[in-house]
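Structural overview for review
Below, each chain spelled out in residue letters.
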Amino acid sequence: MDSNSGDGVGDGMGESFMGGQYVMEGGGDGEELGATENDDDNRGDNEPLREQDRFLPIANVARIMKKSIPKTGKIAKDAKETVQECVSEFISFITSEASERCHQEKRKTINGEDILFAMSTLGFDSYVEPLKQYLQKYRESSKGDKGGSGGADGTLEDLAEESFTQSLSTGLLTSEQANSQNVIYAPYSGAIAQNISFG
Amino acid sequence: MAGVEEMESQTDDKENSSEKIVKTKEKNSNQDSEKLMKLPLSRIKSIMKSDPDVTLASQEAVITIAKATELFIWELSKDAVHSTLQSKRKTLQRKDLDCILDTRDCYLFLEGTLD
């Protein structure tokens, strides 16, 4: 696959692969993730995102949706598309709030704490605890990667989705019933070995 | 008799190996499902940077939002499926999402999205 200048040349399929900013998605290359400053350089900042870039891939979205519906259930295509749009709105919504806080504190780079603060401000405080724990594991695994060889991953295992959604659902039940901000989070059950895979 | 014993031991071996295969498959599918659950970080970053006020976002910020997005999809779907089940349907439809939007304050920002 040859690299190109990122001009709008070629058919639709070719464009999506030949866009300069389209680094390996899910390729597990940790180095790419850090290049937030240099990424997207090929594309001018003023160019609006193409239709396919404004949303997350529908397959990924659908896969996550399926986790929360009964096994025998199905999802209509328009529902998947709707959630796609909602998700992009969500990302923009949170980012905007986090960015504002950043500006207020005269910082240029949005960090994880800004995101957590935005979550809390915007009514997603039930996400904060699970995200904090996830971030902690991510930081620990990052240190491990720097200090050791690639084999360090073998000591960590994937964070079970269930552990997040359990603490989330417990909080949801509480807020549903009491309609208050008092949320009780279920403690982590058992020693779930952790791993963050960015693949 | 020896032949019968041989057959039994072969059966045991087969059961053991099939158990191993099942366990391996489960492990692989767990790993696969974990990998497949991940959302593309570069796309998330693109969406974040489409906001003109956003200058830089740390890797941590993108990862946090990615995880939050998973939680959001999960929660949205879980809420919507209540409406599906109440209507005695098996297929989650767009109208189920419409229904649940005013059930939580945190969904208010989606008001204009579903028009």
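Residues numbered from 1 in each chain as written. Chains lettered and ligands numbered in written order. Predicted model: local features only at pLDDT ≥ 70, side-chain atom pairs only at ≥ 80, totals over all residues. Heavy atoms only, no water.

All names here are of chain A. Enumeration according to the criterion identifies 13 salt bridges over all chains in this entry. Here R101 makes a salt bridge to E105, at a shortest N to O gap of 3.4 Å. Across the pair D114 and R107 runs a salt bridge whose closest N-O atoms are separated by 2.9 Å. Note on D114: relative accessible area 1%, which makes it buried. Its relative accessible area of 26% is what places R107 among the partly exposed residues. One salt-bridge network, in which partners are shared between bridges, spans R101, E105, R107 and D114. (Salt bridge = Lys/Arg side-chain N within 4 Å of Asp/Glu carboxyl O. Buried < 20%, exposed > 50% of the residue type's maximum accessible area, 1.4 Å probe, protein only.)

Below, the discussion takes up the nonpolar core. Core analysis: the biggest nonpolar cluster contains 57 residues, and F90, I94, M119, F124 and Y127 of chain A together with I44 and F72 of chain B have the highest contact counts within it. When contributions to this core are tallied by element, the ones reaching two or more residues are α4 (58-67), α5 (77-104), α6 (112-121) and α7 (125-147) of chain A together with α2 (41-49), α3 (59-86) and α4 (94-100) of chain B. Of all the elements, α3 of chain B adds the most residues to this core, at 12 residues. Setting aside residues up to four positions removed in sequence, F90 of chain A forms contacts with M119, F124 and Y127 of chain A together with A68, T69, F72 and F109 of chain B. (Core = buried A, V, L, I, M, F, W, Y, C linked by side-chain atoms within 4.5 Å. Helix = DSSP H or I, 4+ residues; strand = E, 2+ residues; numbered from the N terminus. Contact = heavy atoms within 4.5 Å.)

Let us look at unusual backbone geometry. Notably, K106 of chain A is not glycine yet its phi reads approximately 60°, a positive angle. The residue K106 of chain A is located in the loop between α5 and β2 (109-110) in this model. Judged by relative accessible area, K106 of chain A falls into the exposed class, the value being 76%. Positive phi is not limited to glycine here, since K88 of chain B has a value of about 60°.

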